[in-house]
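Structural characterization, general
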Amino acid sequence: MSTFPVVDTRQDMRLVPAALACWLAALAGLLLGWWTAAVIGLASAVLAGLVLWRARDRPRARGAAAALLALGLLAAGPVAWRIRDAQHDELRAVAAEGLPAALRVVVAERPKPVRSAGYADRQAGARSVVLAADVRTASVDGRPVPSSGRVLLLAPVAQWASLLPGQEVAVTGLLMPPRGSDLTVAVLSVRGPPGEPGPAPWWQRAAAGLRTGLHDLCQALPDEPAGLLPGLVLGDTSALSPRVEQEFVTAGLAHLTAVSGGNLAVVCGAVLLLLRLLRLGPRLSATAAGTCLAGFLVLVGPEPSVLRAGVMAAVALLALALGRRGSALPALAFAVCVLVVADPAMATDFGFALSVCATAGLVLLAPRWAGALVRRGVPPGFAEGLAIPLAAFLVTAPVLAGMAGSVSLVSVLTNILAAPVVAPATVLGVLATLTGPWWPGAGKDLVHLADPEARWLITVARHGARAPGAVVTWPGGWVGGLLAAAVLGVLVLAARHRRVRVLMAVLVVGALLVFVPVKVLVPGWPPRNWAVVECDVGQGDAVVLATASPGRAVVIDTGPEPGPVDECLHRLGVDRIPLLVLSHLHADHIGGLTSVFDGREVGGIAVGPGRAPEWAWRQVAAEAARQGVPLAELSPGERLDWPGLSLDVLGPRYVPSRSPGQQDGTTINNSSVVLRAQTAAGRVLLTGDVELAAQADLLADVGDLRAEVLKVPHHGSRYSLPTFLAAVAPRVALVSVGAGNTYGHPNKSTLDTLTALGARVTRTDVDGDTAVVPDPAGPAVSRRGEPRGPPRR
């Protein structure tokens, strides 16, 4: 069935100037001050009055001017006044002082978890939530402060995640000034639970029960599809793995997990199609679809793109009920006007801008392009399948470039591949959500039917994210967005000329012929005969040691989260791991454990004597049991051999107490397994996170610590003995560290000591994946992404 007509592409533009003026006024008011909204609104109203006076005989012009006059007056009055109230709120004035405050608030949105990677004994995942709330009463440092503004709460996830919109609670914390340009008057950092929570509206409780029911039904699926399906259906990404989430962003599919007009079109379209098959009238059909629309909006929450699509869909359904042929562009312009007037903060919301731009592209560009393709002999279905993602990419690329500082070059292809399964997955997920509470068996069957679609989307996103050059870095902010819009505008205008189109096609083909063989057929990474690779996994460790067998390597540690270590192993072509060693059980060394098994044979997992943190030991043991691989403990003096590689276990020399409660972070670090590997590039000392005491033990108990390559202990922290580093005397020092970390890693004194010893120091936050390659003159270093040529010594 055709998504839209490809012949009649005319659109009613009369509401567009009013929508743009209203949006611009609110945007200027939030960024520059409330008075600019008043000035732009009054200027728009004056301009509209002049047009009305001069266009007495042109009804269409008078209609556009009347709409502009009304919206200009609204922007100059209620919109500007609301922005002024927020900018002059007394709570905003005292927020910069960082004082304690006690508020009584009404929750405005569902709490959104804030994820963070694991580090040390802190498990990866969400430890806090962010939620918006409207102030009822406020007291700052014991004195009452009048306020009716909106605040942002940063609160513990365990105690606040279950709150629902509409609940009134008491909250205490420290005030902070707001960031960004919206209507938020203050940020409150909360440590305790909500006080005296009031009841939530019944419809919010019912929606929460349905959302929880879908999550429960999805537990029957593997982890990744189970986390993705609620995101596709409800925009709920709380169970979505960070790896899949990042792959969807890189592949240009992130919009699928943010509920938007597409979801509403699928849901309302399915209802209308069913009612049409039952031969019901347009008014009854529109009423039923409107009821479903309202229920779906409550179910997914008041996100900007959802509200925009909801208002637009309501207008279209009203036109259907009245028997009038609706027009998408007036509905979109009306939605923008209504929503910006109701909530001026929408004007600065990137999600709202993306949603409006994408819809405008689908309305204005996609039908024209699809029609042009049909006239050239392309079947209508294929024409629309090509035109829709291309139009969406073109109009949203400037916004995405400014927001993320990057542009996905694979998004058109990935969206084409994903399109056929999005609607079935959404419909099946919605049916499972509604059916599950009353008929759990049917709900599980529907979820299982949606499983292949979710897996296909994950596969498309994963391969798209892995494609060479999938993402191009771009200047961020307003400058980057305007620059991207200018480049795209020039390309579109140039492509209108036949000779320019031919030249552009020749350039694209030439670039493909040059770069694809270089990047794919003769890739610059990994270097030939690599012996050791320090993977860039962020603030954590992951080292790969090659054996003499291609595709077979030993892995030491797995980084803080799934994904980065898997990508590193994929780039190296490693599909067989005879042994996976976890130096110790801190989160930044075991967090990526599950992804190491993705498509690979693992012979076993080896650990040291430590069993803390307790949650980490349970997680490792459970994963070993789930994968059916043995779990062994390494002891000093053991030797492990493979063709081209041998490992000697040197530490830990000190065995800590087996009681997890008696071990702090330093004790756990000092229980790290210390290995010396004999590789094709020489000796490699792998030190985990050993600190001062463990280094002193190694100096005292191990006679010879010399190694050509040193994996610098504890991400290059200051807890490194100069005598220990001197005893190793490395020629290459590998520092695994995350960019912009807050731990002070690596420490300058440690780096200076290594440099003074003559070591070549590499850092994953600067160099990315780093390989050590054998060379007659000693170990050489090669970094991922640098030009091909002889490795650096």
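Structure first, text after, so check above.
Now for a quick tour of the structure. Keep in mind that what you see is a predicted model, and the values were worked out from it rather than measured.

A few words on the state of the cysteines. On inspection of all chains with the given rule, the structure shows one disulfide. Shown here is the disulfide that connects C535 with C568, its sulfur atoms set 2.1 Å apart. Because the torsion about its S-S bond is -70°, the bridge between C535 and C568 counts as left-handed. In this pair, C535 sits in the loop between β10 (532-534) and β11 (543-546) while C568 sits in helix α20 (residues 564-572), placing the two residues 33 residues apart along the sequence. For C535, a relative accessible area of 0% puts it in the buried group. In this model C357 remains outside any disulfide bridge; the closest cysteine sulfur is found in C337, 15 Å from its own.

Moving on, we get to the pairing of strand β19 (residues 645-651). Extensive coverage of β19 is indicated by the burial of six of its seven residues. Taken together, the four bridges between strand β18 (residues 639-642) and β19 define a ladder with antiparallel strand orientation. Counted as the bridge partner of L640 is L647 from β19. Here β18 folds back onto β19 in antiparallel fashion, the turn holding two residues, of which G644 has a positive phi close to 85°. Bridging between β19 and strand β20 (residues 674-679) involves five bridges; their strand directions are antiparallel. Paired with S646 across the bridge in β20 is Q678.

Here the structure, examined in full by the defined rule, presents two aromatic pairs. Look at W202 and W203: their rings are 5.8 Å apart centre to centre, the planes differ by 85°, and that puts the pair in the edge-to-face class. Classification of W202 as exposed rests on a relative accessible area of 59%. Cation over ring: R611 sits above W617, and NZ or CZ is 4.1 Å from the ring centre.

Summarising the element assignment, T257 is placed in the loop between α8 (242-250) and α9 (261-277). From its side chain, T257 meets the backbone oxygen of A254 in a polar contact 3.0 Å long. Aside from chain neighbours lying at most four places away, what touches T257 is L228, G231, G235, T237, L240 and F248.

This part is about the pairing of β20. In the case of a regular strand, side chains alternate between the two sheet surfaces. With five of its six residues buried, β20 lies for the most part within the structure. Where β20 hands over to strand β21 (residues 682-686), the hairpin turn is made up of two residues, counted between the paired strands.

The next thing to look at is the sheet that holds strand β25 (residues 770-773). Ordered in space as β17-β16-β14-β12-β11-β10-β25-β26, the eight strands form an open sheet in which the pairing is mixed. The open sheet terminates on both sides in strands that have one partner only, identified here as β17 (631-633) and β26 (780-783). Adjacent strand axes in the sheet meet at a mean angle of 20°, parallel and antiparallel pairs treated alike. As paired elements, β11 and strand β12 (residues 553-556) share four bridges and run antiparallel to each other. Looking across to β12, one finds that V543 is bridged to I556.

The rules behind these values
Residues numbered from 1 in each chain as written. Predicted model: local features only at pLDDT ≥ 70, side-chain atom pairs only at ≥ 80, totals over all residues. Heavy atoms only, no water. Disulfide = S-S within 2.5 Å. Helix = DSSP H or I, 4+ residues; strand = E, 2+ residues; numbered from the N terminus. Buried < 20%, exposed > 50% of the residue type's maximum accessible area, 1.4 Å probe, protein only. Pairing = 2+ DSSP bridges. Phe/Tyr/Trp six-rings, centres within 6.5 Å; stacked < 30°, edge-to-face > 60°. Lys NZ or Arg CZ within 6 Å of the ring centre and 35° of its normal. Polar contact = N/O pair within 3.5 Å; in protein donor to acceptor, adjacent residues only side chain to side chain. Contact = heavy atoms within 4.5 Å. Axes fitted to C-alpha atoms, helices over the stretch in contact; angles between N-to-C directions.

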